[in-house]
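Notes for the structure review
Chain by chain, the residues run as shown.
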Amino acid sequence: MAVRAVRGAVQLERDEAGHMDEQVSALLTAVLERNGLTTEDLISIWFTATPDLHSDFPAAAARGLGITDVPLICAQELDIEGAMPRVVRILAHIESDRPRADLAHVYLGAAAALRKDIAQ
């Protein structure tokens, strides 16, 4: 098995804990499904959130999905003028035999504009 990394992002409509949980859960579920992964394939997940998000930790959504034995960490995204607001990004480290080129990086909704080159 090789160690791979898969990326994703979602833009929230508002800074509310329930909404963040719903949207981050949808992102994580899409990443797992589109890459044929289970939680057993996860090594760790990095979450970042733009500085305008304060309502909750994005990693709480992973715990709510039952991802309880995987190291998770949250960090604040750089505060760059003109950057897309209310965005949660993930970088998931996984074990997979899939070639890097076959991984599906998932950018939901308006966040697809962040990486048009790799968004699927």
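Notes on the structure in this doc start here. (Residues numbered from 1 in each chain as written. Predicted model: local features only at pLDDT ≥ 70, side-chain atom pairs only at ≥ 80, totals over all residues. Heavy atoms only, no water.)

Overview of the overall build of the protein chain
Rule in force here: Each helix is a run of DSSP H or I of at least 4 residues and each strand a run of E of at least 2, with the numbering of both proceeding from the N terminus. Should any heavy atoms of two residues lie within 4.5 Å, those residues are considered in contact. Note on areas: Shrake-Rupley, 1.4 Å probe, and residue coverage restricted to the protein chains presented here.
Check the secondary structure of the protein chain and you find two helices and five strands. Helices (α) and strands (β) of the protein chain occur, in sequence order from the N terminus, as β-α-β-α-β-β-β. A principal-axis box enclosing the C-alpha atoms of the protein chain has dimensions of 40 × 30 × 20 Å. The contacts of the protein chain with a sequence gap of at least 6 include a subset with a gap of at least 24, amounting to 82%. Summed over all atoms, the accessible surface of the protein chain reaches about 6,400 Å², with 51% contributed by carbon and sulfur.

As for the pairing of strand β3 (residues 72-76)
Two faces belong to every sheet, and in a regular strand the side chains alternate between them. We apply this condition: Any two strands between which DSSP finds at least two bridges are classified as paired. For the handedness criterion, the strands are oriented away from the viewer, and a crossover whose path from the first strand over the helix to the second runs clockwise is classed as right-handed.
One ladder, built from five bridges, connects strand β2 (residues 42-49) with β3; its direction is parallel. Looking at β3, one finds that F47 is bridged to C74. Where the polypeptide runs from β2 across helix α2 (residues 59-64) and back to β3, its parallel neighbour, the crossover connection is right-handed.

With respect to the environment of E95
Tracing the backbone shows E95 in strand β4 (residues 87-96). Taking the C-alpha atoms as reference points, E95 and W46, separated by 49 residues in sequence, lie 15 Å from one another. Leaving out residues up to four positions away in the same chain, E95 has contacts with M1, A2, L37, E40, D41 and I43.

Points about the pattern of salt bridges
Our working rule: Here, a salt bridge means any side-chain nitrogen of Lys or Arg that lies within 4 Å of a carboxyl oxygen of Asp or Glu. Burial here depends on accessible area, computed with a 1.4 Å probe over protein chains only, as a share of the maximum for the residue type. Under 20% is buried, over 50% is exposed, and the range in between is partly exposed.
For the coordinates displayed, the defined rule picks out three salt bridges. Between R14 and E16 there is a salt bridge, with the nearest N and O atoms lying 3.0 Å from each other. Since its relative accessible area comes to 42%, E16 is described here as partly exposed. The salt bridge involving E77 is made with R89; its shortest N-O contact spans 3.6 Å. You can see E77 sitting in the loop between β3 and β4 and its partner R89 sitting in strand β4, a full 12 residues away along the chain. Overall, the relative accessible area of 23% leaves E77 in the partly exposed class. Connected via shared salt-bridge partners are E13, R14 and E16.

Thoughts on the sheet that holds β3
Threshold: Angles here are taken between N-to-C directions and fall from 0 to 180 degrees, while the axes themselves are lines fitted to C-alpha atoms, restricted in helices to the stretch in contact.
Pairing is mixed across the open sheet formed by five strands, whose spatial order is β3-β2-β4-β1-β5. Looking along the sheet, the strands with just one partner apiece sit at the ends: β3 and β5 (106-108). For this sheet, the mean inter-axis angle between neighbouring strands, taken without regard to orientation, is 15 degrees. Set on the sheet, helix α1 (residues 17-34) makes contact with β1 (2-11), β2, β4 and β5; between it and β5 the angle comes to about 145 degrees.

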